[in-house]
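Descriptive analysis of the structure
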Amino acid sequence: DKAKNYWVGLKAELPDTVKSPFVGSSVGYHFYEGTDNRNTTTAQITNSFYRHTISTNIRLDESWDIQAVYQSGHDENGTLAATAVETDFNGYTLIAGYRDYDWWYILQYDNVNSSDLPSIEKDRISPSAWYFLRDNFKAGLALRLDLGSATVENHEAAFEIRTMF
């Protein structure tokens, strides 16, 4: 792959030096452009793409976090097929989280739309509860409920343990 991927981003955050219950709240934007590729026995198939992402996080009194993200994108051949399939898509995520000491309660909604490639479309809601044993170690229960499928619903339930060293 001789093409180079690049991204640029901007973020404005309310710093700790400001006396406000909204310390840590932020707004951001990033742009990402690049090329994916896949080799076959006869050719190298490429996909040039770009993404625009706008996000915000409203933090209140270190107990509440409300986040919103919107992304739009374009792929010249996102499936890396021999015959290019040009795809435009957009989507958003809304998240509300509440912290009660060592517990986080989260409600997340995801929506992805593409009239060019319906297989990537998503419409789901995901409630979860997390217990933080330490700052870098958490365990939780999560549900992912499929809201958008008229034929086959794809629900998930998970118990997850996550740690970072």
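A few points on the structure. (Residues numbered from 1 in each chain as written. Predicted model: local features only at pLDDT ≥ 70, side-chain atom pairs only at ≥ 80, totals over all residues. Heavy atoms only, no water.)

This part covers a nonpolar patch on the surface. A cluster of nonpolar side chains, contributed by Y29, I54, Y70, Y92 and L94, occupies part of the molecular surface with about 450 Å² of accessible area. As for its position among the elements, Y70 is in strand 4 (residues 64-75). (Patch = residues over 30% accessible without salt bridge, like charges linked within 9 Å, V, L, I, M, F, W, Y side chains within 5 Å. Areas by Shrake-Rupley, 256 points an atom, 1.4 Å probe, with all protein chains shown as cover. Salt bridge = Lys/Arg side-chain N within 4 Å of Asp/Glu carboxyl O. Helix = DSSP H or I, 4+ residues; strand = E, 2+ residues; numbered from the N terminus.)

The next thing to look at is the sheet that holds strand 8 (residues 137-146). Within the open sheet, the 9 strands sit side by side as 1-2-3-4-5-6-7-8-9. Their pairing is antiparallel. Only two strands of the sheet have a single partner each, and these edge strands are strand 1 (6-13) and strand 9 (156-163). For this sheet, the mean inter-axis angle between neighbouring strands, taken without regard to orientation, is 15°. As defined by bridge partners, strand 1 adjoins strand 2 (residues 26-39) across 8 bridges and the pair is classed as antiparallel. Along strand 2, the bridge assignment pairs G9 with H30. (Pairing = 2+ DSSP bridges. Axes fitted to C-alpha atoms, helices over the stretch in contact; angles between N-to-C directions.)

A few words now on the pairing of strand 6 (residues 103-113). As judged from the 11 bridges shared by strand 5 (residues 87-100) and strand 6, these two strands associate in the antiparallel manner. Bridging across to strand 6, Y92 finds its partner in N111. If you look at the hairpin formed by strand 5 and strand 6, you'll find 2 residues sitting between the two strands, and Y101 has a positive phi there, around 60°. When strand 6 meets strand 7 (residues 122-134), the two strands line up antiparallel, connected through 10 bridges. Looking at strand 7, one finds that V112 is bridged to K122.

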